[in-house]
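Chain residues, written in single-letter form:
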Amino acid sequence: MLIKSVSGINFRNLSPFNIETDSKMNVICGENAQGKTNIIEAIWMFTGAKSIRTNKDNELVNFNEKESKLNISFIGKNIENEASIIIGQRRKAIFNEKKLSSASLLAGNFCAVIFSPDDLFLISGSPEKRRRFLDIAISQIYPKYLETLKRYSRALAQRNYILKKLKENEGNIELLYPFEEELSNTGSTLIKYRIRYLQLAENFIKDIYTGISNYKEDFEVLYQPVANPDELYEKLVRNRNEDIISGFTTIGPHRDDIDFIINGLSVKSFGSQGQKRSVALALKLSEAEVLYKTTGEYPIALLDDVMSELDPTRQSFILNHIKKLQVFITCCDPANIKNLNEGKVFKVEKGCIYT
């Protein structure tokens, strides 16, 4: 996959821009709060996923403007493609001159992997971060996953609303029944997709972790579901009274987690900071390899100010490992990427992009 150009109007603080990209390395430099990450975010939007920083689309539109528009020209599966996203009261998308019913349907047409400093805390952070990683990674390979996740989230919100009413001695318990069926059907599908993805990714994660750490350790990836797919409905029904007392749904893939085991011990609980960072990097880098294995193409790599957070060994490993990908990388200090010998450099100042 290869981006040829990216352009935009009224996107966050960025002045109107049109970037002609390098096929390998694109470095985006500038001081903090100038708009570097906004360029990364603009490219990410074409994966069909939500913004990397907000769930509110109105935050993606420049002040005093009603909507923003992004355009991208890229090569995927040896075909030149054009896509546009219009962000206003709702998100609209156009792919190769065809209007899509939802911007999320861009998933599967354009693929990218993204690194940010927060990703270095993927292992030590909350289970929600690891679930979000899975949701994003899987939706790029299996676009139907994203639609299933939306259906699950809607049913979950409805069940939780009814549970809160029941906790307050209002509502009707029978209203829970259809949403429990929907949660069971969609939740079982989500769990199966997640297990399948981790089975694909495990060997890549092991190999990359070994390359980063230079250790010879037994390594295992474990998906930890609250309920197995075939028992999800039964557990939802069994926990109904407890859920009414708590006022929310305690069973389902929205409560699941992943664990990483080194030499029989959980990295989350017993790993050193170096091990946790190495596993986090391996997990993120494995995304690209899984995408290549399943789609036949490497994704775009987006690195947002992550190099300054890494020691020289890990910096070098990442830069060497992503040579097969087209890369967009932000940095405040170009010295962090001094080993680069090719590519384009873009400077960002007060929302303006200079080449």
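Right above here is the structure, for reference.
This structure is a prediction, so every number in the text was calculated from the model and none was measured.

> Give a description of empty space enclosed by the protein that names residues and reports values.
By the definition in use, this model includes one cavity of 30 Å³ or more. There is about 50 Å³ of room inside the largest cavity. Taken together, the elements giving at least two residues each to the lining of the largest cavity come down to β8 (112-115) and α8 (273-295). The element best represented in the lining of the largest cavity is α8, accounting for three residues.

> Outline helix α9 (residues 312-321), listing residues and values.
Structurally, the α-helix is built with 3.6 residues per turn, so residues lying three or four positions apart point the same way. By the burial criterion, the buried members of α9 are R314, Q315, F317, I318, L319 and H321. On its buried face, α9 is in contact with α4 (176-213), α8 and β12 (300-304). Put simply, D311 is the residue that caps the front of α9, since its side-chain oxygen is 3.1 Å from the backbone nitrogen of T313.

> Kindly report on the nonpolar core, identifying the contributing residues and their values.
One recurring pattern in soluble globular proteins is that nonpolar side chains are buried together. Core analysis: the largest hydrophobic core is formed by 102 residues, its most contacted members being I3, F110, Y197, F260, L302 and L303. Here this core takes 11 residues from α4, the largest share from any one element. Counting five residues, the second-largest nonpolar core is a separate cluster that includes I162, L163, L166 and I244.

> Quick one: what's the story with the packing of helix α3 (residues 143-167) against α4, residue by residue and with numbers?
The description of two packed helices rests on the angle between their axes and on the distance between the axes. At a minimum axis distance of 9 Å, the contact between α3 and α4 shows a crossing angle of 145°. Remark: the crossing between α3 and α4 carries left-handed chirality. In terms of residue class, the contact of α3 with α4 is made up of 13 nonpolar, five polar and six charged.

> Got a sec to walk through the environment of I195? Specific residues and values, please.
One can find I195 in helix α4. Its relative accessible area of 30% is what places I195 among the partly exposed residues.

> Help me get a handle on the sheet that holds β12, residues and values and all.
Here six strands make up an open sheet; going across it, the order is β8-β12-β13-β3-β14-β15 and the pairing mixed. What marks the edges here is a single partner per strand, and that holds for β8 and β15 (352-354). The mean angle between the axes of side-by-side strands here comes to 20°, regardless of whether they run parallel or antiparallel. Bridge count between strand β3 (residues 25-29) and strand β13 (residues 327-331): five bridges; the pairing is parallel.

> Residue-level account of the packing of aromatic side chains, with values.
The full count for this structure, using the stated rule, is eight aromatic pairs. Here F46 and F110 contribute two aromatic rings whose centre-to-centre distance is 6.5 Å and whose plane-to-plane angle is 75°, an arrangement assigned as edge-to-face. Placement of the pair is F46 in the loop between α1 (36-44) and β4 (68-76) and F110 in the loop between β7 (98-100) and β8, with a sequence separation of 64 residues. Each of the two residues, F46 as well as F110, counts as buried.

> Lay out the sheet that holds β4 in plain terms, naming residues and giving numbers.
Strand order across the open sheet formed by six strands is β2-β1-β4-β5-β6-β7, with antiparallel pairing between neighbours. Of all strands in the sheet, those bounded by a partner on one side alone are β2 (17-20) and β7. Ignoring strand direction, the axes of neighbouring strands in this sheet form an average angle of 15°. Pairing of strand β6 (residues 91-95) with β7, which is carried by three bridges, proceeds in the antiparallel orientation. The residue of β7 that forms the bridge with I94 is K99.

Cut-offs used in this document
Residues numbered from 1 in each chain as written. Predicted model: local features only at pLDDT ≥ 70, side-chain atom pairs only at ≥ 80, totals over all residues. Heavy atoms only, no water. 1 Å grid on protein atoms, 1.4 Å probe; cavity = no way out; pocket = protein on both sides within 12 Å on 5 of 7 lines; lining within 4 Å. Points joined across faces, edges and corners; volume = space filled by probe spheres on them. Helix = DSSP H or I, 4+ residues; strand = E, 2+ residues; numbered from the N terminus. Buried < 20%, exposed > 50% of the residue type's maximum accessible area, 1.4 Å probe, protein only. Contact = heavy atoms within 4.5 Å. Polar contact = N/O pair within 3.5 Å; in protein donor to acceptor, adjacent residues only side chain to side chain. Core = buried A, V, L, I, M, F, W, Y, C linked by side-chain atoms within 4.5 Å. Axes fitted to C-alpha atoms, helices over the stretch in contact; angles between N-to-C directions. Left-handed = near helix turned anticlockwise from the far one by under 90°. Nonpolar A, V, L, I, M, F, W, Y, C, P; charged D, E, K, R; others polar. Pairing = 2+ DSSP bridges. Phe/Tyr/Trp six-rings, centres within 6.5 Å; stacked < 30°, edge-to-face > 60°.

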